[in-house]
Amino acid sequence: MSLPEIMLAVLWVGLTAYVLFGGADFGGGVWDLLAGGAKTGHRQRELIEHSIGPVWEANHVWLIFVIVLTWTGLPSVFAAVASTLYIPLTLAALGIIGRGAAFAFRKVSTELWQRRLFGATFAFSSVVTPFFLGTVAGAIASGRVPLGIARGDLVGSWLNPTSVTAGALAVGVAAYLACVYLTRDAQRAGAADLVAAFRRRALVCGVAVGALSAVGLIVLRADTPDLYTELTSGRALPLLLLSVVAGLASLALMWWRAYVAVRLTAALAVMGLLWGWGVGQYPAPLPGVSLDEAAATDAVLAASLGSLAVGAVLLLPSLWWLYATFQRDRGKSR
Amino acid sequence: MPGRTRDGGIEPSSGGAKVMCHGAGIAVHVLNGADLGAARMQMALSLGWHIVLACFGVGMPAITLIAEWRGHRSGDSHYRLLARRWAKAMGVLFAVGAVSGTILSFEMGLLWPGMMGVYGEVIGLPFSLEGIAFFIEAIFVGIYLYAWDRLPPRAHLLAGVPIVLAGVASAFFVVSANAWMQRPTGFQVKDGRVVSVDPWGAMFNPATPPMTTHMILAAFMVAGFGMASVYAVAMLRGRRDRYHRLGLLLPLTVAAVITPVQIGVGDWAAHAVADQQPVKLAAMEGVFRTGRGVPLHLGGIAIDGEMRYALELPYGLSLLAHWDPNAEIHGLEEVPPGDRPPVNVVHWAFQIMVAFGFALLALAAWLAWEWRRRRDLPRSPWFLRAAAASGVAAVLALESGWVVTEVGRQPWIVFRVLRTSQAVNPAPGLVYGFVLVTVVYLLLTVATVYVLRRLARDVPVPVAPQERDISGYKVV
Ligand code: HDD
Ligand code: HEM
Ligand code: HEM
């Protein structure tokens with residue numbers, strides 16, 4: 001593998017981690033929104049808050065990681081994407097502020113009106129942010145971002161069938177992952193009623209996301225035929241199949257209440273989609289641009305990748321410690 | 001921003017016909033090209049906001065750990081309570097710091113694609129390293145804040161150490177990227193494309209050592225004085241128990257020790273600017289004509305290429321900048337008017353930073369003097385008043401320091417390499433983004449201040465004002 005290819009792969013690993021972990025945190029916000037009134041939804045919200053609290057900042061760093069690596073490894077692509085898509089990216093950025101800040105504020109607030117206000121902000125921005133990030137993915141996937149500074153259509157690039165479907169899919173995937181994770185968290189907390197509630201939602205949501213993915217394929221066929229061809233008959237087909245099979249398996253496992261195993265298959269289903277997109281689009285990050293043309297000089301790639309490798313030695317055990325500390329059965333914790 | 005003129009060396013952006021329409025008393029720009037002014041104001045707003053939080057992110061964990069450590073050592077429960085409550089506030093500050101920092105990394109591309117598309121890779125290394133530091137920080141913040149009851153005390157204390165190291169490291173990395181914009185080294189450009197990069201050379205450019213040191217010390221000053229202010233205000237309101245005294249004394253001592261060092265480092269930074277960015281130095285000091293034995297200007301306004309109403313200290317500037325009363329100082333006249341930064345902004349920002357620096361030094365000296373004599377805080381209520389104001393003073397010094405650095409670099413985004421006007425996103429309507437971002441930051445400011453004040457106020461006033469007992473205080 002050449003250095004640009006390694007960089008791209010690392011970038012995609014970061015993106016996957018962001019969707020699997022950060023995405024689920026947004027999904028928690030979606031369920032917070034749908035939890036019902038202040039009284040009835042109280043325990044669900046508490047579970048969500050408990051599960052997200054210690055980890056969301058670490059999960060959020062994956063996004064920063066992806067952004068920074070993009071401008072380091074593919075500077076011209078970063079500039080093209082950011083300048084053409086500045087509307088959805090600005091809206092996503094504001095959503096990120098609203099989500100993170102309101103979550104932290106709600107946690108330390110005691111009065112009902114404050115908890116309501118911050119809670120509503122947290123939940124609302126949890127829906128909006130993945131949607132706009134999804135439209136950005138759709139814009140890139142459908143080849144609507146040309147190389148150069150603000151060369152693309154400032155509105156049409158992200159308001160089009162592929163982008164809107166991708167946005168909806170992003171919200172759906174986030175919500176689905178969240179209830180898969182939350183079901184097991186509720187089980188560990190010994191809250192049988194919450195387990196049942198999130199299981200039911202996971203089933204409904206899983207079916208909905210599956211259907212949405214199917215619709216997505218139809219949209220792709222009409223709107224982005226190249227990617228569609230790669231996914232359905234080209235290099236990316238195995239990944240698409242992986243996604244479908246893992247998605248169906250997740251529904252079955254959820255039905256049979258195998259709450260740990262379903263975490264794995266749900267993640268695999270999402271990974272299949274992401275890597276299918278990546279492989280399907282490879283090797284042109286933007287239309288008519290080859291990876292080598294877009295990539296940074298080798299000295300930069302080597303220095304950054306080398307540092308990341310060293311950093312990983314510090315990071316992986318730390319991350320493990322973080323999740324291990326909080327996935328252990330919770331006692332009196334707070 | 002409305003109605004702002006582009007003076008002093010900032011070129012009008014390309015191809016933007018500007019129409020002013022007045023509605024409801026506010027001027028609104030209607031543009032069909034780049035709006036450079038809006039982009040710059042947006043960047044300044046979000047950076048100026050983030051930097052305050054970043055300072056607490058760098059300085060507060062260290063001060064909190066000192067309190068926790070002393071609590072273990074001495075068994076004094078006041079320290080432990082302070083540590084826990086500071087950690088509570090830190091949880092809020094970290095969250096807000098993280099999101100405001102994320103917005104910045106978006107904005108680097110949304111607003112300045114012309115810089116990032118070409119030079120993004122040159123400053124890529126420090127930002128990649130910064131990514132690692134953020135991870136470490138976020139992971140251990142999660143553990144530190146949420147695992148008080150899950151870890152043994154020593155392990156918990158140790159879990160805080162990586163936060164401190166990562167905070168200092170991230171300040172170093174991000175400022176080294178900014179230092180590169182001041183003193184770009186380590187790359188070659190051919191036909192508008194970067195053809196070879198020495199990433200380590202770019203990161204360790206000549207501006208990096210003084211700037212990063214100055215910034216890291218500033219972070220500890222802002223956090224220390226800022227935290228002390230809260231307790232000074234409480235003591236002025238009559239809460240003079242041991243809890244509040246320690247809450248004042250510990251952070252104030254940290255900040256007071258650093259202040260004299262910071263002033264020395266500021267002098268080092270000024271020498272570096274004199275060598276590397278003489279135009280910026282000329283703007284800082286309002287020097288228009290090149291000459292020897294140049295006086296130092298205190299106050300004053302630049303009008304028509306001349307400093308008016310300034311107090312002049314003969315030979316002062318030559319002496320300070322080069323340790324030689326007859327040293328040559330380059331004046332603004334050496335570059336065409338279009339390449340000069342706005343003099344008054346830079347000059348006044350510099351004066352404000354230095355003035356607050358010396359004011360804080362005086363406060364530190366007062367504390368040190370009384371402590372040597374009586375092992376106690378100065379008794380005068382004026383000391384408490386000054387301590388209460390010190391947090392604001394430190395923040396103002398910080399912000400004006402950045403104004404010197406960033407506005408003094410104009411009209412270049414990368415000094416003498418790329419103009420700000422060439423880097424800005426040419427898409428129309430940036431001004432709406434700026435308005436939106438301003439509104440969001442306003443709400444965020446109100447909410448943050450409100451929540452922090454609630455956290456600070458959740459201390460029940462002791463029954464007897466004289467009391468030394470904190471058993472009634474909640475951790476919140
Ligand atoms: C608590 C904050 C604080 C205090 C008390 C001071 N400074 Fe400062 N100064 C900063 C906080 C700061 C800063 C915000 O951190 C800056 C902006 C960029 C940087 O590297 O540090 C800065 C920049 C800065 C620069 C510009 C560097 C550049 O553009 O490359 C100079 C010349 C000085 N400072 C000099 C001083 C002097 C002579 C001081 C003596 C009183 C002083 N500073 C006190
Ligand atoms: C690594 C750190 C930083 C980077 C990479 C950075 C980058 C930038 C960029 C790209 C711009 C817009 C271009 C320009 O107007 O020159 C800018 C402007 C500005 N930045 Fe920074 N900045 C950094 C740190 C800071 C900090 C911490 C502050 C804190 C207050 C700050 C204050 C400003 C201001 C005031 C402007 C507006 C300049 C003007 O309008 O003339 N910068 N900076
Ligand atoms: C263009 C300039 C800057 C960018 C792009 C930037 C980016 C970021 C990002 C993405 C985060 C969130 C990390 C997380 O989730 O934990 C962050 C937080 C932080 N930044 Fe900045 N930053 C900039 C300027 C600065 C400066 C000048 C400093 C100097 C002290 C700084 C220090 C920090 C620190 C210490 C944190 C963690 C603080 C906290 O979470 O409270 N940043 N920054």
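Further up the page is the structure itself.
As the structure is a computational prediction, the values presented were derived from the model and not from experiment.

## Quick word on the site of ligand 3
Then, number 1: Lining the immediate environment of ligand 3, one finds 25 residues, of which His50(B), Phe94(B), Ala98(B), Phe134(B) and Val174(B) sit closest.
Then, number 2: Of the chains in the model, those with residues near ligand 3 are chains A and B.
Then, number 3: For ligand 3, a nitrogen atom lies 2.9 Å from a polar atom in the side chain of His50(B).
Then, number 4: Put simply, the parts of the chain that give the shell around ligand 3 at least two residues each are helix H3 (56–73) of chain A together with helix H1 (36–74), helix H2 (77–111), helix H4 (124–146) and helix H5 (153–182) of chain B.
Then, number 5: Among the elements that make up the shell around ligand 3, the one with the highest residue count is H2(B) (9 residues).
Then, number 6: Of the residues contributing to the shell around ligand 3, the split by class is 16 nonpolar, 8 polar and 1 charged.

## Things to note about the nonpolar core
Residues and elements named next belong to chain B.
Then, number 1: If you look at the biggest cluster of nonpolar residues, it comprises 237 residues, and the most contacted ones within it are Trp112, Met115 and Leu248.
Then, number 2: Residue contributions to this core peak at 20 residues, all from H2.
Then, number 3: Residues contacting methionine 115, with those up to four places away along its chain left out, are Met108, Gly120, Met181, Ile413, Val414, Leu418 and Ala423.
Then, number 4: Ranked by size, the runner-up nonpolar core spans 25 residues in total, among them Val287, Val294, Ala302 and Ala321.

## Brief notes about the coordination of the iron atom of ligand 2
Angles between donor atoms at a metal ideally measure 109.5 degrees for a four-coordinate tetrahedral arrangement and either 90 or 180 degrees for a six-coordinate octahedral one.
Then, number 1: Exactly one donor from the protein chain reaches the iron atom of ligand 2: Glu406(B) (OE), at 1.9 Å.
Then, number 2: Along the chain, the position of Glu406(B) falls in helix H12 (residues 381–407).

## Focus on the site of ligand 1
Residues and elements named next belong to chain B.
Then, number 1: Surrounding ligand 1, one finds 24 residues, the nearest of these being His214, Lys280, Met353, Leu398 and Thr405.
Then, number 2: At 3.3 Å, a backbone N or O of methionine 211 approaches an oxygen atom of ligand 1.
Then, number 3: Between ligand 1 and histidine 214, the relevant distance is 2.8 Å, taken from a nitrogen atom to a side-chain nitrogen or oxygen of the residue.
Then, number 4: Those elements that provide at least two residues to the shell around ligand 1 are helix H7 (208–236), helix H8 (242–276), helix H9 (278–285), helix H11 (343–374) and H12.
Then, number 5: At 7 residues, H8 tops the list of elements feeding residues into the shell around ligand 1.
Then, number 6: Grouping the amino acids of the shell around ligand 1 by side-chain chemistry returns 16 nonpolar, 6 polar and 2 charged.

## Digging into the pairing of strand S4 (residues 193–197) of chain B
In the case of a regular strand, side chains alternate between the two sheet surfaces.
Residue and element names in this part refer to chain B.
Then, number 1: The sheet contact formed by strand S3 (residues 187–190) and S4 spans 4 bridges and is antiparallel. Counterpart to valine 189 in the pairing with S4 is valine 194.
Then, number 2: Hairpin connection between S3 and S4: a loop of 2 residues separates the two successive antiparallel strands, and aspartate 191 in this loop has a positive phi of roughly 50°.

The rules behind each value
Residues numbered from 1 in each chain as written. Chains lettered and ligands numbered in written order. Predicted model: local features only at pLDDT ≥ 70, side-chain atom pairs only at ≥ 80, totals over all residues. Heavy atoms only, no water. Near = heavy atom within 4 Å. Polar contact = N/O pair within 3.5 Å; in protein donor to acceptor, adjacent residues only side chain to side chain. Helix = DSSP H or I, 4+ residues; strand = E, 2+ residues; numbered from the N terminus. Nonpolar A, V, L, I, M, F, W, Y, C, P; charged D, E, K, R; others polar. Core = buried A, V, L, I, M, F, W, Y, C linked by side-chain atoms within 4.5 Å. Buried < 20%, exposed > 50% of the residue type's maximum accessible area, 1.4 Å probe, protein only. Contact = heavy atoms within 4.5 Å. Donors = N, O, S within 2.8 Å, 3.2 Å for Na, K, Ca; no water. Pairing = 2+ DSSP bridges.

Keep in mind these values describe shape, not function.
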